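Survey of secondary and tertiary structure
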Amino acid sequence: MSKDIRIKKGLDIKLVGVAEKTTTQSSLSSVYAIKPEDFHGITPKLIAREGAKVKAGEALFHSKSDDRILFPSPVSGTITEVIRGERRKVLTVKIDADTHQDYKDFGIKDASKMTGEEVKNHLFASGCWPFVKQRPYDVVANPNQAPKAIFISAYASAPLAADLDYTLAGKEVELQAAITAISKLTSGKVHVSVGSKSNSPFEKISGIELHKVSGPHPSGNVGTQIATIDPINKGQVVWVIAPQDLVIIGELLLTGKFNATRIVALTGSKFAKPQYVAAIIGASVAHFTKDNLGTDNTRIISGNVLSGIKIKETGFLRYYDNQITAIPEGNDYEFFGWNKPVFDKVSTTRAFTFSWLNPNKKYDLTTNTNGEHRAFVVTGSYEAVFPLDIYPMQLLKAFMYKDLDEMEALGGYEVAPEDFALTEFICVSKQPHQKIIREGLDLMRQELG
Amino acid sequence: MSLKQNLHNLKEKYKGTKMAPAFNAIHTFLYMPNEVTHGGTHIKAADDLKRTMNIVIISLLPCLLFGMFNAGYQHYAAIDPSLRDNVLANFFAFDNLWIGIIKVLPLVIVSYGVGLGVEFIFAIIKGHEVEEGYLVTGMLVPLIVPVDTPLWMLAVAVVFGVVIGKEVFGGTGMNILNPALTIRAFLFFAYPTWMSGDKVWVYDAVNRAGTADAISGETILGSYAQNQEVIYSNWDKFMGFIPGSVGETSTFLILLGAAFLIFTKIGSWRIIVSTFLGAAAMGMIFNQVVAADIITSSSKFYGLMSTAWWEHLMIGGLAFGAVFMATDPVTASQTNKGKWIYGFLIGFISIMIRVFNPAYPEGVFLAILLMNVFAPTIDHYVVQANVKNRLKRAKVKTA
């Protein structure tokens, strides 16, 4: 039985620079980079050394805590550089791509005939395990803990997010193969959420529980969907896979190759022509945004404006992202900015802020903080954009004073940093909500396991 | 070089020094900072604390302006009661405003001067930015004291209120009690003769006491408490042409402020509505007690108990407290359910204190301070309900 999800609380932030639905193929970039920090909570142990030749799909490093979890090279080529930081922590592994791509062969598999254990081992071997993430804690899934269900959000509601109906179109075969395989990993259900008016390829997929989602952001956040469909209780684990990663898993099963190509949305007002581009994980952003991106005083973000990571002009597409956003930096003063009427910014209040007059207007927001960091003062505003059955401010405060009992009792297992992106956006006191949640979750994971 | 550039250079110069908070306070007043996001969301909504506080101040301005006229009007009307026969013609006169300028503006200036002075000193000592909390407190304080309050008294009270009421807890956002009401309570308990009676509400009445020119002006609550007749019409009470603290007399303008606060989504409509509901409920209970002849006109409580419940809502400081004091987000309940309980109890207890407190027939500030103390407790139980639901869900699943 499918269950429709209707979210009332939330906020759609409409920005300039929606990607036009055309996809260009980017040529192979010369350098690719994998950053272990994309896999939060993983301590990498290098397998491939500088100067080594690797094929696409061959492991670069594994997790220190579980050497079955491999992290593969997205392309074939030569490892040119391993950049290390403090205490020799691996920051970046750079690969010079071969002009002719060579894939490691993992063998063609028929998912329907595999057991759960076989699927797991296949995902380990091919380096696809990191695509499986878990809640609680929002980290790469611990393979030793059985999930009660698997959740896939094929509906993206974040600002300017890639339209998954578009990027997944024509991938039904891959998606079906991947779904068949991962459904072996859980005794529970595989929940897939699509937009209520969507034309998603998932409509035709079998072996899933399909949910139609409507309402403002964060309705597309998988955390919101989990909370509505089957909330996480203490001791339970659910796994989460992004649909674009299912395509890679599906292709692996069907062809035996690890093909890390995905359709990436180039969005934001700083793109001359916001559109889609096919690019490989770890690709140099400068390469596939060439002649399109205005780099003067620009914030380039791998991901969306709410939860993405700032990258440099010379940066790389991060492991899980299917979106690059470029918006203007807001590093300028604004005369009497705190009391003059505001027409060009988004607000949930009407405190001489007029975005409520024109709900469909698209805004060109900058990175200015629009005010200074303060203690929590205003109450009741977070609740209006926070659909989970959790008291957001109380949870944030518990996370700040690190009372583990309260963190647990108030719903710490059910949240991920991205669930607090909207409350952070509207926060009058400009508190770093996602950072507070991330640090708190790390503490919980360390202390409570 | 432009002003913007000059200030930017100065900011860089002061960075890391003791003077930085003081300079930044003035700088950020003129210019919203050039700060950009790093980590977390890359964009932020337009509102900051300054904007929020500014909205509250704007909502208070009509009350202040009206209070300035009323200061003069009550003075002249006490000398020549015939002025009351045609209120509208006699109220908005420059003579009235002039009394406001010489009596009320100094209260505002002292409140802001002393309060912000303390804030700056603490910011410099503790090395944090000057916070905006006092911008609203500084405007509230002159509106809730009698017009004849000596300035030195106000200054002492403000220092006490800001230091003990707020800074010792860690500044704006950390305090337990509403700072403006802490200041009011300090004045009330330290200088009770200046805060009650029939002299302090009218400019110059204290000075003229005992002379041939003596004037007086009892508040409506004072009259009811003494079972006296009240000379003011309901229209006067609602519009605020009555003696009282500087800015709290006009229920009409307070409701206008409330409408503005609710529309801008800055004030909590839950607290405002529930406070009025609580007061109405208590008022009705007392009315029923009188109607059932449990209390007769010989009782000293008769005057206020027999006051119609709806009249309670527009006399005294109830409306002002409900709209501008109880809604202080830091000291109020922070959960939406808690706000209903918190507000209702404020209204309920206000009227109770009003009726039973013989010495000072106004309970709003005491009720709000009391509920400030209990707000975290209310929130605790509201949040525990959520926690219990979570535990129950876990049990159902595992069973």
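Calculation notes
- Along each chain, residue indices are assigned from 1 in the same order as the chain's sequence is written.
- Note on labels: chains are lettered from A, ligands numbered from 1, in written order.
- Selection of residues for local features in this predicted model requires a pLDDT of at least 70, selection of side-chain atom pairs for listing and counting requires 80 or more, and totals for whole chains, interfaces and linings are taken over all residues.
- If DSSP finds at least two bridges between two strands, the strands pair.
- Secondary structure counts use DSSP, requiring at least four H or I residues in a row for a helix and at least two E residues in a row for a strand, with both numbered from the N terminus.
- Fitting a line to C-alpha atoms yields each axis, with helices limited to the stretch in contact; the angle taken between N-to-C directions then spans 0 to 180 degrees.
- Across the chain, each position has a pLDDT score giving the predictor's confidence in that residue, from 0 to 100.
- Structurally, a nonpolar core is described as a collection of buried Ala, Val, Leu, Ile, Met, Phe, Trp, Tyr and Cys residues joined by way of C-beta atoms within 7 Å.
- Burial is judged by counting the other C-beta atoms within 10 Å of a residue's own C-beta: 20 or more makes it buried, 12 or fewer makes it exposed, and any count in between marks it as partly exposed, with every C-beta position built from the backbone.
- Delimitation of the domains relies on an automatic or database domain assignment.
- Two residues qualify as a contact pair if the distance between their C-beta atoms, derived from the backbone, is within 7 Å.
- Note on residue categories: nonpolar means Ala, Val, Leu, Ile, Met, Phe, Trp, Tyr, Cys or Pro, charged means Asp, Glu, Lys or Arg, and polar means any other residue, Gly included.

Neighbouring strands of a sheet are bound in pairs by backbone hydrogen bonds; such pairs are parallel or else antiparallel. Residue and element names in this part refer to chain A. On the basis of which strands lie adjacent, the open sheet formed by 6 strands has the order β2-β17-β16-β20-β18-β19 and mixed pairing. Each end of this open sheet is capped by a strand with a single partner; those strands are β2 (20–25) and β19 (309–311). Across this sheet, the average inter-strand angle for adjacent strands is 35 degrees, counted without regard to direction. Note: strand β16 (residues 261–267) against strand β17 (residues 275–280), 6 bridges, orientation antiparallel. Paired with Leu 266 across the strands is Gln 275, a residue of β17.

For chain A, the mean per-residue pLDDT works out to 93, and 100% of the residues sit at or above 70. Element-level mean pLDDT values for chain A span from 88 in strand β21 (residues 334–335) of chain A up to 97 in strand β15 (residues 238–240) of chain A.

Here we take up the nonpolar core. With 237 residues, the main nonpolar core has Ile150(A), Ile241(A) and Ile368(B) as its most contacted residues. A per-element tally of this core places helix α3 (residues 49–79) of chain B first, with 15 residues. Summarising the domain contributions, this core has at least three residues from each of domain 1 (1–329) and domain 2 (369–448) of chain A. Not counting the four nearest positions on each side in its chain, Ile241(A) is found in contact with Phe131(A), Val132(A), Ile150(A), Ile152(A), Ile182(A) and Leu246(A).

Before going further, it helps to spend a moment on the environment of Ser198(A). Residues and elements named next belong to chain A. Relative to the helices and strands, Ser 198 is located in the loop between β13 (190–195) and β14 (209–214). The sequence separation of Ser 198 and Val 240 amounts to 42 residues, and the corresponding C-alpha distance is 21 Å. Beyond its immediate chain neighbours, meaning those up to four positions away, Ser 198 contacts Tyr 155 and Asp 165.

All names here are of chain B. Averaged over all residues, the pLDDT of chain B equals 90, while 98% of them reach at least 70. The least confident element of chain B is helix α11 (residues 220–225), whose mean pLDDT is 82; the most confident is helix α13 (residues 251–263), at 96. Taken over the whole predicted complex, pTM reads 0.92, whereas the ipTM for its chain interfaces reads 0.91.

Taken together, the contact pairs 63 residues of chain A with 49 residues of chain B. Residue assignment for the side of chain A that touches chain B shows that the elements contributing at least two residues are β18 (298–302), β21, α7 (392–401), α9 (421–426) and α10 (433–448) of chain A. The element contributing the most residues to the side of chain A that touches chain B is α9(A), with 4 residues. Split into classes, the residues belonging to the side of chain A that touches chain B amount to 26 nonpolar, 22 polar and 15 charged. Two strands pair when backbone bridges link them, and β21(A) and strand β1 (residues 31–32) of chain B are joined in this way by 2 bridges, in the antiparallel orientation. When the bridges of β1(B) are listed, Phe335(A) appears paired with Tyr31(B).

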